[in-house]
Amino acid sequence: MGVGVTEASWAAGTRLRLARQARGLSQQQLAGMAAVTRQAVSAVESGHSDPSLRVALVLARALGLTVEELFGPGDPADPVLAQPVAAVGGEGSRVALATVGDTFVALPLSADTSSRAGFGPAGGLVAGQELHGDLIAVRPIAPPRPTLVVAGCDPALPLLETPLALLDPPVGFAWWPCGNGEALRLAAAGLVHAAGVHQPGDEAGMPDGAEVVGFTSWREGLVTRRATRITGLDDAVRQGLRLVNREPGAQARRLLDRELGRLGLDPAGPVELAGYDSQAAGHLQVAAAVAGRLADVGVSSEPAALAYGLDFLPLAEERFDLVLPAKNAASREVQGLLRVLTSPWLLAQLASLPGYDPGRCGERSA
């Protein structure tokens, strides 16, 4: 803490900042609502100034809180009822917490979703195992703030986090990696703001009235280590190579099954395809399994193959789009997404990734 900042003033300032961010307000917007200067809000949030009684009253009123709630010592937040996107662990398990429409949504932070280069911040902790229908109790660690929730398999989706954070007011980002079928199920259930899918026009389960927005295009095909010499899937079967597969409903698994059918091969038939029943969570996970010699071949995207230095045999040209259900189209989160999809920063980042074509990013269609 800086000079002149006491622990009490720092805690009070932190509580004000979290309450402001939870409501999606900038310092300037809150100042306007409370009829104080932005500098006054900034000084309180940084802990360099204790608010006068008048300032404390108008700030609390603007945020819909009492002075005690905003600047008092504060107790741990009461649990909220949230809809999990997948099975969560026991009491104390970490989850990302967001709102989609009027629903709190909990995204488990475990396995591949727990980290990128390190552990990500949690929004809450599971509070016991008492269920309320499909709902779970989650104790927030900090007030939830406007957060865009996206489901889909493209590992470039986390690039959205930086430009969303630079909006005024900022929008958070939460990603649930999964295949086409699961992403659309979550969108139809109102648990995500956007579902990332391949070839969305071919998908069953598209939400009525949904808008489709372009994100990226790339090729999908077989990935192998450089020392593995194959000319196609039939060659991999003949050599008895071990496969790493994706989950049912994933486009990569459908592409594999289509190629097996074209070759007249049945994974459950006389020519067994070892590893067919395995389930990797995404394109990078397939490439990592092959690179790490846990498998010899898999279906993944060309950018994932290039990232791991693998050979790539193309099978299909794919476009990856974002499906936006109509009921959340006017939300701050979706409007923020539409703004950043055409930002020069995002387009430059996508273009910098070998194998990606961002030419359709931000292109909208019904």
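Here is a short report on the structure shown in this document. (Residues numbered from 1 in each chain as written. Predicted model: local features only at pLDDT ≥ 70, side-chain atom pairs only at ≥ 80, totals over all residues. Heavy atoms only, no water.)

## Focus on the overall build of the protein chain
For the protein chain, the count of helices and strands is 13 helices and 13 strands. Taking all 366 residues of the protein chain together, the buried fraction comes to 49%. Within the protein chain, contacts between residues separated by at least 24 positions form 71% of all contacts whose residues are at least 6 apart in sequence. As displayed, the protein chain offers around 16,900 Å² of accessible surface, 53% of which is attributable to carbon and sulfur atoms. (Helix = DSSP H or I, 4+ residues; strand = E, 2+ residues; numbered from the N terminus. Buried < 20%, exposed > 50% of the residue type's maximum accessible area, 1.4 Å probe, protein only. Contact = heavy atoms within 4.5 Å. Areas by Shrake-Rupley, 256 points an atom, 1.4 Å probe, with all protein chains shown as cover.)

## A few points about the pairing of strand β3 (residues 103-108)
The side chains of a regular strand alternate, first on one face of the sheet and then on the other. Examined bridge by bridge, strand β1 (residues 80-84) and β3 share 3 bridges and lie parallel to one another. Directly across from P84, in β3, lies its bridge partner A106. Where strand β2 (residues 94-100) lies against β3, 6 bridges are found, and the strand directions are antiparallel. Across the sheet, the residue bridging to V95 is P108, located in β3. Two successive antiparallel strands, β2 and β3, enclose a turn made up of 2 residues, where G101 displays a positive phi of approximately 65 degrees. (Pairing = 2+ DSSP bridges.)

## Overview of helix α10 (residues 283-291)
Taken as a whole, α10 has its buried residues at H283, V286, A287, A289 and V290. Along α10, the residues classed as buried sweep out an arc of 160 degrees about the axis, all on the same side. Those residues of α10 that are buried are in contact with β8 (194-198), β9 (211-224), β10 (243-244), β11 (297-301) and α11 (302-307). Following α10 by one or two positions, R293 has its phi on the positive side, about 65 degrees. (Arc of directions from axis to C-beta.)

## Topic: the pairing of strand β6 (residues 147-151)
Within β6, 5 of the 5 residues are buried, leaving the element largely enclosed by the surrounding structure. Burial of β6 is two-sided: the residues T147, V149 and A151 facing one way and the residues L148 and V150 facing the other way are all buried. Pairing of β6 with strand β7 (residues 172-176) involves 5 bridges; the strand directions are parallel. By the bridge assignment, T147 is partnered in β7 with G172. Two elements, β6 and β8, share 2 bridges in a ladder whose sense is parallel. When the bridges of β8 are listed, A151 appears paired with A195.

## Some thoughts on the nonpolar core
In terms of nonpolar packing, the biggest core is built from 27 residues, with L160, F215, L322 and L341 touching the most fellow members. Listed by contribution, the elements that provide at least two residues to this core are β6, β9, β12 (311-324), α12 (332-340) and α13 (344-352). Top contributing element to this core by residue count: α12, with 4 residues. When residues no more than four places from it in sequence are discounted, the contact partners of F215 are D154, A156, L157, L160, F320, D321, L322, L341, L350, P358, R360 and C361. Judged by nonpolar contacts, the second largest core, of 24 residues, contains V85, L107, A151 and L184. (Core = buried A, V, L, I, M, F, W, Y, C linked by side-chain atoms within 4.5 Å.)

## Looking at the environment of I230
Its place among the elements puts I230 in the loop between β9 and α8 (233-238). Classification of I230 as buried rests on a relative accessible area of 11%. The spacing of I230 and L241 is 11 residues in sequence and 9.9 Å in space, taken between C-alpha atoms. Excluding anything up to four places from it in sequence, I230 contacts L222, T224, D235, A236, Q239, L241, V297 and L313.

## Here's the deal with the side chain of E302
Note that E302 resides in helix α11. Residue E302 is classed as buried on the basis of its relative accessible area of 15%. Setting aside chain neighbours within four positions, we find E302 in contact with R219 and F312.

## Thoughts on the packing of helix α2 (residues 27-34) against helix α3 (residues 38-45)
Contact geometry of α2 with α3 gives a least axis separation of 8 Å together with a crossing angle of 115 degrees. The angle between α2 and α3 places the two elements in the roughly perpendicular class. Like other packed secondary-structure pairs, α2 and α3 cross with a definite hand, here right-handed. Each of Q27, Q28, L30 and A31 in α2 lies in contact with α3, whose residues at this interface are R38, V41, S42 and E45. (Axes fitted to C-alpha atoms, helices over the stretch in contact; angles between N-to-C directions. Parallel < 35°, antiparallel > 145°, perpendicular 65-115°, else oblique. Left-handed = near helix turned anticlockwise from the far one by under 90°.)

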